Amino acid sequence: MSLKRMSRWAAAVLVASAAAFTAAPATRAAEGPKVLRIVPQADLKILDPIWTTAFVTRNHGYMIYDTLFGVDAEGVIHPQMVDRYEASADAKSFRFTLREGLAFHDGQPVTATDVIASLKRWGARDNLGQKMLASLESIEAVDAKTVAMTFKTPFGMVLDALSKPSSVPAFIMPARVAATPPDQQITDTTGSGPYMFVKDEFRPGERVVYAKNPAYVPRAEPPSGTAGGKVVYVDRAELIILKDAQTQANALVNGEVDLIEWLPAEQYAGLKSKPDIKMEAQVVKMSVMLHLNHLIAPFNNPKIAQAALMAINQQALMRAQLVHKELYNGCTSIYPCGTVYASENTSFFTGKPQFDKAKALLKEAGYDGTPVVLMYPADFAVINKYPPVMAELLKQAGFVVDMQSMDWPTLVTRRTKKDPVAQGGWNAFITSWGMADTMNPMFFAPLTGSGEKGWFGWTTDDQLEALKNEFLITTDGATRKKLAEGIQLRAIEAAVFGPIGEFKPLTAYRTSVSGLVTAPVPVFWNLKKD
């Protein structure tokens with residue numbers, strides 16, 4: 001099929017719904033389109049995966065965009081959009097050549113110009129991307145398919161940056177889309193990935209529809225993680241927005257949906273005995289964190305922020321949300337327990353409540369009873385048990401707490417606000433992170449001391465940034481481990497965030513579905529439906 005004909009086919013799918021599938025062979029027309037129905041972990045309202053670190057938006061990004069490099073299930077980096085690459089021994093120059101057959105959903109070829117524009121916009125939002133761009137001397141298109149990068153100083157984490165699977169992946173967009181200012185959301189969802197976003201059928205709060213990209217050329221390697229062949233075996237994938245845990249479980253049992261991306265723990269026991277339901281940890285484990293706003297009172301006072309961390313009771317919080325002991329564990333390290341950088345050296349933080357010490361610290365810091373606005377995503381079944389427990393723990397530590405209920409998309413938007421509480425700002429919220437985010441200090445978006453340039457919470461801590469810069473340029477494993485521990489200690493002393501614990505996220509799906517890919521983040525290619 002010529003590129004021009006592919007473009008017409010793709011455009012037809014994008015602007016049509018079921019009618020798009022009438023062009024299929026007669027046997028397919030008789031059977032109807034094969035549709036995979038997925039309950040996502042949250043409602044999708046923000047469509048720009050560079051603008052936000054919300055997981056549901058990141059997952060949306062993997063449906064419709066592609067990346068230059070990916071990582072397999074073991075964390076090994078592999079070329080994805082790249083065919084071949086060269087790196088100098090001194091880590092100061094890199095050259096990437098795109099593989100054949102890459103085209104955007106509108107039929108236009110993916111070029112080096114698109115790559116450069118995309119990396120610049122991504123680098124303005126991502127912490128590791130910011131450091132990479134700051135080290136660049138030049139980035140230019142050698143020809144239509146080749147990008148050359150030259151650095152002022154050695155930058156050994158180029159491939160790590162371009163393959164990082166989360167917070168924020170370096171998705172490649174058309175140059176015209178990537179020209180959108182980094183602080184504004186894109187309005188054009190043209191990508192080059194294995195699925196295409198069907199804009200006309202997008203119903204926030206109800207469903208999100210993707211059509212198979214007929215022009216996508218997958219790699220030949222088997223799928224693993226975010227790497228390998230991204231083959232789509234269904235005609236459509238529909239995200240069905242169901243916020244109630246019981247409603248999700250009923251829909252799966254009744255065959256109304258095929259897969260629940262992230263099973264609420266209260267449904268675990270009930271579905272465990274169902275012979276036509278399987279449960280699998282597509283993502284090995286995740287971490288939960290309490291995030292504080294250091295830009296406004298009261299947590300702009302480091303001692304008051306430390307007192308909030310002293311209120312954390314990991315066991316009580318994790319038990320309230322996960323219920324079943326086999327699904328969670330405590331972990332005081334900011335890195336996943338059992339991984340290379342995990343350390344039990346966590347300064348004053350123990351993961352156990354220290355109410356008397358917290359009250360003494362609040363008195364010393366002059367806490368005046370300013371209410372702490374704790375955002376509460378009441379509709380988000382997989383994390384909505386944490387905030388009520390955290391509110392009570394903070395009260396026992398001496399805080400006045402104002403827990404404000406909202407839906408998750410509202411929280412994701414509100415957390416971007418730097419205004420005082422009276423003008424719609426916030427003080428604290430709880431969310432979860434995957435190992436893809438937390439296993440490396442350069443990957444974890446909230447682990448910043450760069451003030452208003454950093455992630456929501458906006459901690460300013462020059463010492464933390466200096467340690468990260470040392471980590472960035474060091475290649476020796478032992479030195480990196482020592483620096484990672486120093487980063488952890490500094491992050492806790494500055495109370496950037498507070499670890500709450502770890503859990504095993506389960507994907508539940510009907511036995512008629514197969515091909516779930518083990519990955520650092522949820523991915524929905526390679527799935528077959530009988």
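Residues numbered from 1 in each chain as written. Predicted model: local features only at pLDDT ≥ 70, side-chain atom pairs only at ≥ 80, totals over all residues. Heavy atoms only, no water.

Some words on the confidence of the model for the protein chain
Any segment with low pLDDT has predicted coordinates that should not be analysed in fine detail. Summing up the model confidence of the protein chain, the mean pLDDT is 93 and the portion of residues at 70 or higher is 94%. Counted against residues more than four places away or in other chains, residues 1–30, with its pLDDT under 50, gives 35 contacts. (pLDDT = per-residue confidence, 0-100. Contact = heavy atoms within 4.5 Å.)

Points about unusual backbone geometry
Geometrically, the link from S167 to V168 is a cis peptide bond, its omega value of 5° lying close to zero. Topologically, V168 is positioned in the loop between α6 (158–163) and β9 (171–172). In this structure, the amide linkage connecting A297 to the following residue, P298, adopts the cis form with an omega of 5°. Among the structural elements, P298 can be located in the loop between β15 (286–292) and α10 (302–310). Even without glycine at this site, A91 takes up a positive phi of about 60°. (Helix = DSSP H or I, 4+ residues; strand = E, 2+ residues; numbered from the N terminus.)

Thoughts on the state of the cysteines
Summed over all chains, the structure comprises one disulfide. Note on cysteine connectivity: C331 is disulfide-linked to C337, with sulfurs 2.0 Å apart. Taking the sign of the torsion about the S-S bond as the criterion, the disulfide between C331 and C337, at about 95°, is right-handed. We classify C331 as buried; its relative accessible area is 5%. (Disulfide = S-S within 2.5 Å. Buried < 20%, exposed > 50% of the residue type's maximum accessible area, 1.4 Å probe, protein only.)

Notes on the environment of V412
Summarising the element assignment, V412 is placed in helix α14 (residues 408–414). For V412, a relative accessible area of 3% puts it in the buried group. Considered as a pair, V412 and K45 are 367 residues apart in the sequence and their alpha carbons are 9.7 Å apart.

Some thoughts on the sheet that holds strand β14 (residues 277–280)
Strand order in the open sheet formed by seven strands is β10-β11-β12-β1-β13-β21-β14, and the pairing between neighbours is mixed. On the outer flanks of this sheet lie β10 (195–197) and β14, each paired with one strand and no other. Here strand β1 (residues 35–39) runs beside strand β12 (residues 236–240); their pairing, made up of four bridges, is parallel. Bridge pairing in β12 links I38 to L239. With respect to the sheet, helix α3 (residues 55–64) is in contact with β10, β11 (207–212) and β12, its orientation differing from that of β10 by roughly 120°. (Pairing = 2+ DSSP bridges. Axes fitted to C-alpha atoms, helices over the stretch in contact; angles between N-to-C directions.)

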